[in-house]
Amino acid sequence: VTSPCKILKCNSEFWAATSGSHHLGTEEAPEFCTALRAYAHCTRRTARTCRGDLAYHSAVHGIEDLMGQHNCSKDGPTSQPRLRTLPPGDSQERSDSPEICHYEKSFHKHSAAPNYTHCGLFGDPHLRTFTDTFQTCKVQGAWPLIDNNYLNVQVTNTPVLPGSTATATSKLTIIFKSFQECVDQKVYQAEMDELPAAFADGSKNGGDKHGANSLKITEKVSGQHIEIQAKYIGTTIVVRQVGRYLTFAVRMPEEVVNAVEDRDSQGLYLCLRGCPLNQQIDFQTIRSAQATEGRARRKGPSLPVPPEAFTYETATAKCREKLPVEDLYFQSCVFDLLTTGDVNFMLAAYYAFEDVKMLHSNKDKLHLYERTRDLAPGNMAPSGIPSALWVALLCLSQCWLCFL
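As the structure is a computational prediction, the values presented were derived from the model and not from experiment.

Visitor: Any chance you could explain the pattern of salt bridges here in plain terms?
Guide: Opposite charge on two side chains permits pairing when their charged atoms draw close. One pass over the full model with this rule turns up six salt bridges. For Arg-240, the salt bridge identified is with Asp-355, shortest N-O distance 2.8 Å. Taken together, the positions of Arg-240 in strand β10 (residues 235-242) and Asp-355 in helix α10 (residues 344-359) put the pair 115 residues apart, joining distant regions of the chain. Across this residue pair, the class does not change: Arg-240 and Asp-355 are buried. The partner of Glu-354 in a salt bridge is Lys-357, and the shortest N-O contact between them spans 2.8 Å. Here Glu-354 pairs with Lys-357, and both are found in helix α10, just three residues apart, close to one helical turn. The partly exposed category is assigned to Glu-354, whose relative accessible area is 25%.

Here it is, written out as structure tokens:
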């Protein structure tokens with residue numbers, strides 16, 4: 001399931017060795033060169049398994065460039081002292097950065113505040129699109145989440161259990177494209193048990209351009225939660241590792257979402273178009289089977305029994321601990337516990353909803369319920385009443401009026 005390429009580990013070790021102190025001065029160059037040699041040694045050890053890995057090749061070229069910039073010899077000690085961070089003032093966006101590198105500032109100059117949208121992917125896997133459509137999908141293998149003029153996001157989903165159609169996100173690649181005088185192209189890559197707090201080349205910002213700090217990575221919880229701020233496109237990305245698998249959430253202006261060369265002929269882009277019909281799972285049918293049979297049952301052969309079998313009642317009770325509102329995040333939690341038996345999927349649903357609360361611009365749309373996207377505004381079922389029951393009650397009331 002996991003790639004044998006260990007370039008993310010090399011990147012993390014190099015960044016750990018070169019952060020936590022003051023800016024690198026001339027007298028510290030030998031220590032920085034020592035860390036670079038250790039970085040190069042690490043990449044050589046994993047070279048055979050990383051031949052086709054974009055992050056690996058980016059790191060190798062980055063090491064060569066840094067070696068040249070600091071006049072480092074390839075021979076010498078390779079221990080990893082902790083030394084440098086950005087110089088004072090560079091930890092924040094520089095006051096003389098071009099206005100174009102701050103999306104909101106350049107936007108406000110011309111018109112009203114931008115409209116923001118949200119997309120999230122979590123669990124087995126559940127997708128909330130930029131249009132607030134909620135889907136449960138199969139999508140095994142590599143799939144594009146976002147593909148526009150500014151960035152690409154691709155996820156890889158792998159089976160949770162042998163022989164099962166239940167999948168979860170095991171790898172995530174984000175490519176920020178070079179943009180004017182703001183940022184160089186940067187690649188971020190995470191996979192199971194590797195959630196780096198730096199880009200693939202070991203940096204934490206957008207590179208050497210004047211507005212480089214308009215793209216920054218912040219580690220919120222080591223190995224569990226990182227946040228990427230791309231101010232030049234008004235975008236915030238949250239990546240988490242919950243248990244063994246990854247979750248993804250993004251807040252992005254509509255203008256950026258729709259910045260594609262030819263939207264009509266563009267290929268698949270899950271956050272915008274949703275999952276293909278042949279990859280979608282009939283969530284409501286499966287949930288009915290869960291309630292009656294006590295565990296998930298999908299089309300085709302029966303699934304293997306999860307390591308820790310939940311009944312519908314115990315899964316419901318467990319999910320209610322973290323998700324008291326019985327919306328689609330709650331239902332996803334129940335679905336995943338019955339399908340996988342892994343309690344970490346409850347936490348994935350919980351954190352996905354926490355990210356929605358932080359990133360979604362419309363607080364009235366935080367919770368999603370069955371059929372709400374099919375109903376006109378003002379005609380939604382009252383909260384607390386399942387929509388199917390509400391429809392049945394409505395029909396009965398109409399029939400009663402006929403008798404009268």
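Visitor: Help me understand empty space enclosed by the protein in this model?
Guide: The gaps of empty space that remain are located by a probe, the size of a water molecule, rolled over the atoms. Under the definition given, this model contains two cavities of 30 Å³ or more. Considered as a void within the structure, the largest cavity measures approximately 60 Å³ in volume. Taken together, His-118, Gly-120, Leu-121, Phe-122, Arg-128, Thr-247, Phe-248, Ala-249, Tyr-329, Ala-352, Asp-355 and Val-356 make up the full set of residues lining the largest cavity. Contributing elements (two or more residues each) for the lining of the largest cavity: β1 (116-122), β11 (245-253) and α10. Among the elements that line the lining of the largest cavity, the one with the most residues is β1, at four residues. For the lining of the largest cavity, the residue count by class is seven nonpolar, three polar and two charged. The two domains that each donate at least three residues to the lining of the largest cavity are domain 2 (100-274) and domain 3 (283-293 + 308-365). By volume, the second largest cavity amounts to about 50 Å³.

Visitor: Looking at this structure, how should I read the state of the cysteines?
Guide: A disulfide bridge is the covalent bond that connects two cysteines by way of their sulfur atoms. If you walk through the whole model with that rule in mind, you get seven disulfides. Between Cys-10 and Cys-42 runs a disulfide, and the two sulfur atoms are separated by 2.0 Å. Here the disulfide of Cys-10 and Cys-42 is left-handed, its torsion about the S-S bond being about -80°. Residue Cys-10 is located in helix α1 (residues 7-17), and its partner Cys-42 is located in helix α2 (residues 29-45); the two are separated by 32 residues in the primary sequence. Assessed through its relative accessible area of 1%, Cys-10 is described here as buried. Each disulfide pairs two cysteine sulfurs, and for Cys-101 the partner residue is Cys-182, the sulfurs being separated by 2.1 Å. One quick way to see it: the torsion about the S-S bond of Cys-101 and Cys-182 is about -95°, and its sign makes the bridge left-handed. Within this pair, whereas Cys-101 is found in the loop between α3 (54-69) and α4 (103-108), its partner Cys-182 is found in the loop between β6 (167-176) and β7 (186-191), the two being separated by 81 residues in sequence. Of the two residues examined, Cys-101 and Cys-182, each falls in the buried class.

Visitor: Where do I start with the sheet that holds β1 in this structure?
Guide: Sheet architecture is open: seven strands sit in the order β3-β2-β1-β11-β10-β9-β8, paired in antiparallel fashion. Bordering the open sheet on either side are β3 (134-136) and β8 (215-221), each of which pairs with just one other strand. Ignoring which end each strand starts from, the neighbouring axes of this sheet average 10° apart. Relative to β3, strand β2 (residues 126-128) runs antiparallel, the two sharing three bridges. Residue pairing in the sheet places His-126 in a bridge with Thr-136 of β3.

Visitor: What am I meant to see in the sheet that holds strand β4 (residues 141-147) here?
Guide: Within a sheet, neighbouring strands are paired by backbone hydrogen bonds and run either parallel or antiparallel to one another. Strand order in this open sheet of four strands is β4-β5-β6-β7, and the pairing throughout is antiparallel. The open sheet has two free edges, formed respectively by β4 and β7, since each of these has just one partner strand. Strand-to-strand twist of the sheet, defined as the mean angle between neighbouring strand axes without regard to direction, takes the value 20°. As judged from the six bridges shared by β6 and β7, these two strands associate in the antiparallel manner. Its bridge partner lying in β7, Phe-176 is registered against Lys-186.

Visitor: I'm lost on the nonpolar core in this one. Help?
Guide: For soluble globular proteins, the rule of thumb is that nonpolar side chains tend to be buried together. In terms of nonpolar packing, the biggest core is built from 46 residues, with Leu-145, Ile-146, Ile-174, Phe-176 and Phe-248 touching the most fellow members. With four residues, the single largest contributor to this core is β11. Ignoring any residue separated from it by four or fewer positions in sequence, one finds Leu-145 in contact with Leu-121, Leu-127, Val-153, Gln-154, Val-155, Phe-248, Tyr-269, Leu-270 and Cys-271. Counting 23 residues, the second-largest nonpolar core is a separate cluster that includes Cys-10, Phe-14, Phe-32 and Ala-200.

Visitor: Mind showing me how you'd approach the packing of helix α8 (residues 312-322) against α10 here?
Guide: Two measures define how a pair of helices packs: the angle their axes make with one another and the distance between the axes. α10 packs onto α8 with a crossing angle of 40° between their chain directions and a minimal axis gap of 10 Å. Here α8 and α10 pass one another in a crossing that is right-handed. Here Lys-318, Cys-319 and Lys-322 of α8 come into contact with α10, specifically with Met-346, Leu-347 and Tyr-350. Class assignment for the residues of the contact of α8 with α10 results in four nonpolar, no polar and two charged.

Analysis parameters
- Residues numbered from 1 in each chain as written.
- Predicted model: local features only at pLDDT ≥ 70, side-chain atom pairs only at ≥ 80, totals over all residues.
- Heavy atoms only, no water.
- Salt bridge = Lys/Arg side-chain N within 4 Å of Asp/Glu carboxyl O.
- Helix = DSSP H or I, 4+ residues; strand = E, 2+ residues; numbered from the N terminus.
- Buried < 20%, exposed > 50% of the residue type's maximum accessible area, 1.4 Å probe, protein only.
- 1 Å grid on protein atoms, 1.4 Å probe; cavity = no way out; pocket = protein on both sides within 12 Å on 5 of 7 lines; lining within 4 Å.
- Points joined across faces, edges and corners; volume = space filled by probe spheres on them.
- Nonpolar A, V, L, I, M, F, W, Y, C, P; charged D, E, K, R; others polar.
- Domains from an automatic or database assignment.
- Disulfide = S-S within 2.5 Å.
- Pairing = 2+ DSSP bridges.
- Axes fitted to C-alpha atoms, helices over the stretch in contact; angles between N-to-C directions.
- Core = buried A, V, L, I, M, F, W, Y, C linked by side-chain atoms within 4.5 Å.
- Contact = heavy atoms within 4.5 Å.
- Left-handed = near helix turned anticlockwise from the far one by under 90°.

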